[in-house]
Structures are given as structure tokens and as C-alpha cells.
Amino acid sequence: MSWGTELWDQFDNLEKHTQWGIDILEKYIKFVKERTEIELSYAKQLRNLAKKYQPKKNSKEEEEYRYTACKAFLSTLNEMNDYAGQHEVISENMTSNITVELARYVQELKQERKSYFHDGRKAQQHIEICWKQLESSKRRFERDCKEADRAQQYFEKMDADINVTKADVEKARQQAQVRHQMAEDSKADYSSILQKFNHEQHEYYHTHIPNIFQKIQEMEERRIVRIGDSMKTYAEVDRQVIPIIGKCLDEIVKAAESIDQKNDSQLVIEAYKSGFEPPGDIEFEDYTQPMKRTVSDNSLSNSRGEGKPELKFGGKSKGKLWPFIKKNKGATPEDFSNLPPEQRRKKLQQKVDELNKEIQKEMDQRDAITKMKDVYLKNPQMGDPASLDHKLTEVSQNIEKLRLESQKFEAWLAEVEGRLPARSEQARRQSGMFDTQNPATVNNCAQDRESPDGSYTEEQSQEGEGKVLATDFDDEFDEEEPLPAIGTCKALYTFEGQNEGTISVVEGETLYVIEEDKGDGWTRIRRNEDEEGYVPTSYVEVYLDKNAKDS
């Protein structure tokens, strides 16, 4: 099965077919190139998708990734990056192993094809020239034969005519002989050219064209094999990344299996546990019996609150089972006193750890500067030791500041953990730490954010902000004259004021009201000239003077 013998007369069709083969190869190259572009685009979109859902640094979202489900999601995002990388590998390998190689091969194939068909056309032109020579000699032989025949007939006519002179007859005879010789020469030339043409034609159809067509056939078969190999490479490039993609998927499955719902539930407890005990039962109040007011020895004998038939609760506290405060919209207290005890302890511990890391960093820097100074002392040509004194002093001052800051937070942490007894108001003022927090909020800011059903309120009214600021509270307690009473109140429940700024009351006890609830759930009361403080508004019935309400 050879194109040279089977298709000896199909030169033009073979030329069209081989051009079609090159077109097919270029079409396949274009297909692979577009596939590589799709892979790159897909990889880019995957990376952008993974980046989009990555937690932002130093944000609340980053803290959420403590949970195992979020960690698994983060692991999935990381694996998607690796997954995208494998699609980039597919694109790179297809480009280098298929697109580039085939593009180079196509150029070589075009040159080879051009050379073969150039040789074929050259052979065609040669046989056409030989054919034209043969036709020319044949026509010349035919013409010379006719001329010789006419010259012979003319001679015979002249020789038979008795009226023609002998000289004319001789001339006609010589002319006939010349024409006959020319015919013989043309015959010999035609015969020679015919033999030559037959030889050339035989060589053309049995040697030159078969050889050229055989080369073209081999070239076409190599093209077919090459495109087949490229298709195998196309599949192999994909197959090579399957194990790595499989590992990515296995890691995603492994991350999903690492999700621990119990651990996440425990983290929720650690994140939001306030450390408070739920409130006790509320005693039944029988309103069918007349209200009898009992006045204790320490209660007021003033009857300003008597004669009021209705019980009045301070502000929004009516019906609340637990006192609430709202989160300060302004600056967070330095000691995190706006948080529940458990959360406050964690924040303080975190702050202490951060300060210790900063201290260690400064100490390492100080050690490095000290070593450099020693080197300068031993080798003055390397630098001036005195030039490091300012930096060394600055670092030492930073260390001292950080240590003082750390001690302050450690003291707050110790107080929260119960390692140190609660200090008195006077000791707190002398330590210089009293100014950083409001004694009233030591109790209410943490304990009173939590309701029995575990809810929090996260907003602070403008009226309550003044209670968080220490300087305002100091001013209130530093006044030489006590605040005037604006009404009275009766304790509905017993309240143990264990934190600074609060006061203990007994159920049924009557006391002065010197500052009504400002929206933070606390009322300031006084028992006598020496005892005053804050109690939850929901724990007392408040009777304000009419004059005080009008003012």
C-alpha cells in the first residue's frame, strides 16, 4: 500500500490532503491552547475564591477560627489553593509538552511538505518539457515527410513531361532527394526523442513520483502518529496531577472528620461564660393584705414615702429578674471591668501574656545592644560604644514601663481569680489604680450584664456612660457634703454587696435614695452618713419625692 503506486496520478489531491492534515494539527494546537487558558483562569478564580473567604488578620473573624468547624473550613480553603496549583501545573505542562512542541513540529512539517511538493512539481515540469520536445520532433518529422512526398511527386511529373528540359528535371530530382534526406533526419531525431521521452516517462511514473509520494506518505503518517502521541500526553498531563488532587481532597475529608462538636460547644462556654450563679426564686407577694411598712432602727423615720398607695419601681427595672447594664459605646475600661468575671479573666490573662512577650522582645533587644557595645569596646574601629548608650537607656525605660504595666494587669488578674483580697476604696485610691475604673461598675459591669436566660445587652445609653468613668465617681465620693436624699426605697430582696461601690441590703429594709437609676440598672442609696452605695434597681421599690421628680 503505497501512495507512489496507488496514487501516481493524484498529485493535486495529495497536495490538498496534506494541507488539510496540517490544518487539523493546528486546530488541535488551538484546542489545547484554549484548554490551558481555561485551566489558568479556573486556577485564578479558585485562588481568588479561597482568598475571599480567608479570615482577615486582627479581626473578630479570625477569632472564630478557634472552632473545629471553622478550622476545617480554613483547611479546605488552604487545600483549594493547592488544588488550584495543580490546575496551573496542567496548564504549564500542556503548554510546554504539547502546544510549544506541536507548534515547532508544524513549522518543520510545512517546510518538509513544501520541499516534497517542490520536487514533485519539478519532475512534472521536466516530463512536460520532454513531452513538448517529443511533440515538436513528431510534427517536424510529419512535415518533412509530407514535403519529401510532394517533392518526389513533382520530380516524377517533371520527368514524365517531354516538354521539360533536362536541367529542370535534374533540379526537381535533386530537390526530391534533399527533401527525402530531411525526412530521414527528422525520423531519426523523432525516434531518438521518443526513446528519451519514454525513458523519462518511465522514470517519472515508476521512480521519481513514487519516491516523492512515498516521502509524502511517510510525512503524513508521522503527523498522524504525532497528533496521537500529543493526545496521549494530553491525558497523561491530567493523570499526573490526579494523585495530588486526590491528596487535597483527602485532606479536606480529614479536616471534615476532625470537626468536634463537643469541643466547639465547650469553646462557646469558654467564650461566653460569665461565672455568675443564676438568681434564686422570687417570693410570692400577697397584695390582698394591706401593705404594712416596717421601719428598722437604721431606716428613716421620715414619713415622706407614706401615704402612697402605689408601689413605684425605678425607671425600666420593673419586672426584670436580673440587673442589666449595657456596653459602653466609648472607650473600653483598661481593666476590662465591663466584661463578666470569666471573660475578664481571659482578657487580663491575654493582656499579661502580650506584655510578657513585649518585655522579652525588649530584653532580647537590650542584650543584643549590650553585646554590640562590648564588641565596640573591644574593637573601637568598628564603632563608638557611647553611640549605643541612648538606645540602651531607651530600651531599659521601655522594659520598666512594660513591667509596671504587666504588674498592674497581674494585680487585676489576681483580684479576679481571688488570689488577692478586695482592697478598700482608700487603698485603691492610694495605689493610683482607682482612677482607671468605676467602683460601682466592678459589680454591675460584669455581673449585671447576664440575665437568668443567659442573654446580653450590648449597648450603653449615654446616661450610663458616666458611671463607667472613674473620675466622675471619685468626684461624687470626694465631695465634702453628702448628696441630698431625693426619696426613699424599700428592699424587695436581700442583696449581698460584695464588690466595691455596692452596699448590702436586707429584705424589707428602708433606705434613702440619693441618685435614681440612670438607665444602667443601678440605684444609689444611703443607709446613714457613713454607708452608701449602689444596689440593683430591680431589688428595691423606689419612692421619689414629688419635688425631686419636678426638678
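Please read all numbers here as calculations on a predicted model, not as lab measurements.

1. Things to note about the overall build of the chain
Next up, step 1: When helices and strands are counted, the chain shows 13 helices and 5 strands.
Next up, step 2: Looking at the 551 residues of the chain, the share that counts as buried comes to 35%.
Next up, step 3: For the chain, contacts bridging at least 24 residues in sequence account for 77% of all contacts bridging at least 6.
Next up, step 4: Accessible surface computed for the chain: about 34,100 Å², of which carbon and sulfur atoms make up 51%.

2. Things to note about the packing of aromatic side chains
Next up, step 1: Tallied over the entire structure, the rule returns 13 aromatic pairs.
Next up, step 2: Considering the side-chain rings of F409 and W412, the 5.2 Å spacing of their centres and the 90° angle between planes classify their relative orientation as edge-to-face. Note that F409 and W412 are positioned in helix α8 (residues 389–417) at a spacing of 3 residues, about one turn of the helix.
Next up, step 3: The class for F409 is buried, based on a relative accessible area of 2%.
Next up, step 4: Connected via pairs of aromatic rings, a cluster forms that spans Y493, F495, W522 and Y539.
Next up, step 5: Sitting above the plane of the Y67 ring, R66 keeps its charged end 5.5 Å from the centroid.

3. Notes on the pairing of strand β5 (residues 540–544)
Next up, step 1: Counted residue by residue, β5 has 5 buried out of 5 residues, so it is predominantly covered.
Next up, step 2: Residues V540, V542 and L544 of β5 are buried on one face, and the alternating residues E541 and Y543, pointing to the opposite face, are buried as well.
Next up, step 3: The pairing of strand β1 (residues 487–491) with β5 spans 5 bridges and is antiparallel. Looking across to β5, one finds that K490 is bridged to E541.

4. Re the pattern of salt bridges
Next up, step 1: Tallied over the full model, the rule gives 23 salt bridges.
Next up, step 2: With its nearest N and O atoms 2.7 Å apart, the salt bridge here joins R35 to E39. Here E39 and R35 lie together in helix α2 (residues 11–52), a separation of 4 residues that amounts to about one turn. This pair shows no difference in class: R35 is buried, exactly as E39 is.
Next up, step 3: Residue E220 pairs with R223 through a salt bridge whose shortest N-O separation is 2.5 Å. In this pair, E220 and R223 both sit in helix α5 (residues 166–257), 3 residues apart, roughly one turn of the helix.

5. A closer look at the sheet that holds strand β3 (residues 522–528)
Next up, step 1: One open sheet accounts for 5 strands, arranged β4-β3-β2-β1-β5; its pairing is antiparallel. Edge positions in the open sheet fall to β4 (531–536) and β5, since each of these has one partner strand only. On average, each strand axis in the sheet is tilted by 40° relative to the strand beside it, whichever way the strands run.
Next up, step 2: When β1 meets strand β2 (residues 510–515), the two strands line up antiparallel, connected through 4 bridges. Each residue of the ladder has a partner; that of T488, found in β2, is Y512.

6. Here we look at the pairing of β3
Next up, step 1: β3 sits mainly inside the fold: 6 of its 7 residues count as buried.
Next up, step 2: Looking at chain direction, β2 and β3 are connected through 3 bridges and run antiparallel. Looking at β3, one finds that Y512 is bridged to R526.
Next up, step 3: Once β2 ends, the chain turns through 6 residues before running back antiparallel as β3, passing G519 with a positive phi of about 105°.
Next up, step 4: Where β3 meets β4, 6 bridges bridge the pair, whose relative direction is antiparallel. Bridge pairing in β4 links T523 to V535.
Next up, step 5: In sequence, β3 turns back onto β4 through a hairpin of 2 residues.

7. As for the environment of E6
Next up, step 1: Along the chain, E6 falls in helix α1 (residues 3–6).
Next up, step 2: Of the residues examined, E6 reaches a relative accessible area of 54% and is grouped as exposed.

8. Details of the nonpolar core
Next up, step 1: In terms of nonpolar packing, the biggest core is built from 40 residues, with L25, Y28, M94, I98, F213 and I216 touching the most fellow members.
Next up, step 2: Every element with two or more residues in this core is listed here: α2, α4 (68–160) and α5.
Next up, step 3: Ranked by residue count, the leading element in this core is α4, at 16 residues.
Next up, step 4: The next biggest cluster of nonpolar side chains, apart from the first, holds 15 residues, and it includes V505, I525, Y534 and V542.

9. Topic: a nonpolar patch on the surface
Next up, step 1: A cluster of nonpolar side chains, namely L49, Y53 and F73, defines an oily patch on the protein surface of about 280 Å² accessible area.
Next up, step 2: On the secondary structure map, L49 appears in helix α2.
Next up, step 3: Residue L49 is classed as partly exposed on the basis of its relative accessible area, which comes to 44%.

10. Section: the confidence of the model for the chain
Next up, step 1: Averaged over every residue, the pLDDT of the chain is 79; residues scoring 70 or more account for 79%.
Next up, step 2: Predicted confidence for residues 292–329 stays below pLDDT 50, and this span has 91 contacts to residues more than four positions away or in other chains.
Next up, step 3: Note on residues 419–480: pLDDT under 50 across the span, and 148 contacts to partners over four residues away in sequence or across chains.

11. Here we look at the environment of A69
Next up, step 1: With respect to the helices, strands and loops of the structure, A69 is situated in helix α4.
Next up, step 2: Residues A69 and S258, spaced 189 residues apart in sequence, show a C-alpha to C-alpha distance of 8.2 Å.
Next up, step 3: Leave out the neighbours within four places in its chain, and A69 touches I259 and D264.

12. Things to note about the packing of α2 against α4
Next up, step 1: Closest axis-to-axis distance for the α2/α4 pair is 8 Å, and the angle between their directions is 165°. Considering the angle they form, α2 stands roughly antiparallel to α4. Viewed along their axes, α2 and α4 form a crossing whose handedness is left-handed.

13. Notes on the packing of helix α7 (residues 341–378) against α8
Next up, step 1: At a minimum axis distance of 9 Å, the contact between α7 and α8 shows a crossing angle of 160°. When the interaxial angle is binned, α7 and α8 end up roughly antiparallel. For the element pair α7 and α8, the recorded crossing hand is left-handed.
Next up, step 2: Looking at the contact of α7 with α8 residue by residue, the class counts come to 15 nonpolar, 7 polar and 13 charged.

Conventions adopted
Residues numbered from 1 in each chain as written. Predicted model: local features only at pLDDT ≥ 70, side-chain atom pairs only at ≥ 80, totals over all residues. Heavy atoms only, no water. Helix = DSSP H or I, 4+ residues; strand = E, 2+ residues; numbered from the N terminus. Buried < 20%, exposed > 50% of the residue type's maximum accessible area, 1.4 Å probe, protein only. Contact = heavy atoms within 4.5 Å. Areas by Shrake-Rupley, 256 points an atom, 1.4 Å probe, with all protein chains shown as cover. Phe/Tyr/Trp six-rings, centres within 6.5 Å; stacked < 30°, edge-to-face > 60°. Lys NZ or Arg CZ within 6 Å of the ring centre and 35° of its normal. Pairing = 2+ DSSP bridges. Salt bridge = Lys/Arg side-chain N within 4 Å of Asp/Glu carboxyl O. Axes fitted to C-alpha atoms, helices over the stretch in contact; angles between N-to-C directions. Core = buried A, V, L, I, M, F, W, Y, C linked by side-chain atoms within 4.5 Å. Patch = residues over 30% accessible without salt bridge, like charges linked within 9 Å, V, L, I, M, F, W, Y side chains within 5 Å. pLDDT = per-residue confidence, 0-100. Parallel < 35°, antiparallel > 145°, perpendicular 65-115°, else oblique. Left-handed = near helix turned anticlockwise from the far one by under 90°. Nonpolar A, V, L, I, M, F, W, Y, C, P; charged D, E, K, R; others polar.

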